[in-house]
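Spelled out from the first residue to the last, the chains are:
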Amino acid sequence: MTVQELPGAGASHRSTPPPAWRPRTDAAPLLPDAEPYRVLGTGAADRLDPALMLRCYAELVRGRRYNAQATALTRQGRLAVYPSTVGQEACEIAAAMVLEDQDWLFPSYRDTLAAVARGLDPVQALTLLRGDWHTGYDPREHRIAPLCTPLATQLPHAVGLAHAARLRGDDVVALAMVGDGGTSEGDFHEALNFAAVWQAPVVFLVQNNGFAISVPLAKQTAAPTLAHKAVGYGMPGRLVDGNDIAAVHEVLAEAVRRARSGGGPTLIEAVTYRMEAHTNADDATRYRGDAEVEAWKAHDPIDLLERELTARGILDEAGIQAARDDAEVMAAALREGMNADPVLDPMDLFAHVYAEQTDRLREQAAMLRAELDAHHEAENEAENGG
């Protein structure tokens, strides 16, 4: 039907717009809660699964120790840089735990802990930040996309993979992680729009840790919450306490189930806090005060869960010590792996760039091979007194 064919098209004034202009969906069910959803310390904690929560606790303790060890490695010169997730461990671990083996995780550069919690060797997870190799692991083997340093560029990739999987009939959900700073990038908006239009099986997890490096959230957006942005694209928005691992796990698991059953994407904002600096190269004292950090330390994700579980008789001192001992084993293995000098092949620069190497890339590889051969020949002559 053309505009001219619409009833009343010849009238000089129309009191209501044509049907195509009406809202495509009811906005009310898409709106997030007024306050972040919580479980720990509320009546909802009565339904906690003790086995699941003990696993969460062990992973939180392990994650905190991982963060501490990785930070120490930067001071020792074994890592070029490390973006810590101290304070954000609940988001990282829950994201990994809710996925099935066939699902895909799309992390940002800060989400190495999520990759480790999904089963990736900690040394492999940190290889990129060491500057040794492209990624450090096989993304297809682990179903973990390469750690993404450019902000939010992993989000459209997650949507593309999820949409392709659905077209092929594969039972796959993609979970894409991004920080609050990444929501200011165009890739964020493009990804959400395509995901909603295609009803792709993808879950977007925004870790709102308060700052995009030094820029506070209030200078990035005037939206009531980041979760409210979901409504503009036609998907549900959820707001959750990002330090409450029981709440984060529940909300993420529900979103993954919804995506898997054909319900489409969900945008989840987890309100958390970056207790340490943006990276080891950042001075956070220039843009935030100690009082703010101390206030958030009182809402530490490990302490929240530990208090709940001990009060309910689910966790005791033996369990706490066992979690710490296991974390120390992981830290020792990480130290040993990172202290070993890597054996690097410069020709690896040309691997995994294209499925089929281009003529130009072959030319560049040949040039580098010739330079390396000449260098080795000169070294051999010098050693033999030539």
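Residues numbered from 1 in each chain as written. Predicted model: local features only at pLDDT ≥ 70, side-chain atom pairs only at ≥ 80, totals over all residues. Heavy atoms only, no water.

Draft legend 1. Region of interest: the overall build of the protein chain. Assigned secondary structure in the protein chain consists of 12 helices and seven strands. Across the 386 residues of the protein chain, 46% fall into the buried class. If you take every contact in the protein chain between residues at least 6 apart in sequence, the share linking residues at least 24 apart comes to 75%. When the accessible surface of the protein chain is split by element, carbon and sulfur atoms take 52% of a total near 19,300 Å². Looking at the protein chain, you have 35 positive and 56 negative side-chain charges, and the mean spots of the two groups are 6 Å apart. (Helix = DSSP H or I, 4+ residues; strand = E, 2+ residues; numbered from the N terminus. Buried < 20%, exposed > 50% of the residue type's maximum accessible area, 1.4 Å probe, protein only. Contact = heavy atoms within 4.5 Å. Areas by Shrake-Rupley, 256 points an atom, 1.4 Å probe, with all protein chains shown as cover. Lys, Arg positive; Asp, Glu negative; His and termini not counted. Charge placed at Lys NZ, Arg CZ, Asp CG, Glu CD.)

Draft legend 2. Here's a closer look at the environment of A366. Within the secondary structure, A366 is located in helix α12 (residues 359–383). Overall, the relative accessible area of 47% leaves A366 in the partly exposed class. Residues A366 and G237, 129 residues apart in the sequence, show an inter-C-alpha distance of 52 Å.

Draft legend 3. Representation of helix α8 (residues 245–260) in the model. Along its 16 residues, α8 runs 22 Å from first to last C-alpha, staying within 8% of the 22 Å computed at 1.5 Å per residue. Here α8 starts with a cap whose side-chain oxygen sits 3.2 Å from the backbone nitrogen of A246, and that cap is D244. (Expected span 1.5 Å × (residues − 1). Polar contact = N/O pair within 3.5 Å; in protein donor to acceptor, adjacent residues only side chain to side chain.)

Draft legend 4. Local environment of the sheet that holds strand β2 (residues 174–179). Pairing is parallel in the open sheet, where five strands are placed in the order β1-β2-β3-β7-β6. In this open sheet, the two edge strands, each paired with only one partner strand, are β1 (104–106) and β6 (237–241). Sheet twist, expressed as the mean angle between neighbouring strand axes with direction ignored, is 20°. The pairing of β6 with strand β7 (residues 266–271) spans five bridges and is classified as parallel. For L239, the partnering residue across the bridge sits in β7 and is E269. (Pairing = 2+ DSSP bridges. Axes fitted to C-alpha atoms, helices over the stretch in contact; angles between N-to-C directions.)

Draft legend 5. Here's a closer look at the nonpolar core. Ranked by size, the top nonpolar core spans 67 residues in total, and within it Y57, Y66, L126, L175, V203, L252 and L305 carry the most contacts. Examining the composition of this core, we find that 10 residues originate from one element, α8, more than from any other. Each residue touching L252, except ones within four places of it in the same chain, is listed here: A94, A95, V98, L175, V203, L205 and I268. The next biggest cluster of nonpolar side chains, apart from the first, holds 26 residues, and it includes V159, V178, M235 and L267. (Core = buried A, V, L, I, M, F, W, Y, C linked by side-chain atoms within 4.5 Å.)

Draft legend 6. Here's a closer look at the side chain of E308. Along the chain, E308 falls in helix α10 (residues 301–311). A relative accessible area of 12% means that E308 is categorised as buried. Dropping the residues within four chain positions of it, E308 is found in contact with L40, G41, A45 and L48.

Draft legend 7. Fine view of the confidence of the model for the protein chain. On average, residues of the protein chain score 92 in pLDDT, and 94% of them reach the 70 mark or higher. Here residues 1–6 is a poorly scored stretch, pLDDT under 50, and it has four contacts once near neighbours within four places are set aside; other chains count. (pLDDT = per-residue confidence, 0-100.)

Draft legend 8. Representation of unusual backbone geometry in the model. One non-glycine residue, R143, lies in the positive phi region at around 55°. One can find R143 in the loop between α5 (139–142) and α6 (154–168). Here the phi dihedral of A152 falls at roughly 70°; this positive angle occurs in a residue that is not glycine. Tracing the sequence through the fold places A152 in the loop between α5 and α6.

Draft legend 9. Spatial organisation of the packing of aromatic side chains. A complete count under the given rule lists five aromatic pairs for this structure. Both rings, one in Y66 and one in Y82, keep their centres 6.2 Å apart while their planes meet at 80°; by these two values the pair is edge-to-face. Taken as a pair, Y66 in helix α1 (residues 50–75) and Y82 in the loop between α1 and α2 (89–97) lie far apart in primary sequence, 16 residues in all. Just as Y66 is buried, Y82 falls in that class too. (Phe/Tyr/Trp six-rings, centres within 6.5 Å; stacked < 30°, edge-to-face > 60°.)

Draft legend 10. Spotlight on the pattern of salt bridges. Under the defined criterion, the tally for this structure stands at 18 salt bridges. With a closest N to O distance of 4.0 Å, R274 and D282 form a salt bridge. A relative accessible area of 21% places D282 in the partly exposed class. In this structure, the salt-bridge partner of D359 is R362, at a minimum N-O distance of 2.2 Å. Of this pair, D359 and R362 are both found in helix α12, three residues apart, which corresponds to roughly one turn of the helix. Residue classification places D359 among the exposed positions, given a relative accessible area of 53%. The exposure class of R362 is partly exposed, given its relative accessible area of 41%. Connected through shared salt-bridge partners, D46, E308 and R312 make up one network. (Salt bridge = Lys/Arg side-chain N within 4 Å of Asp/Glu carboxyl O.)

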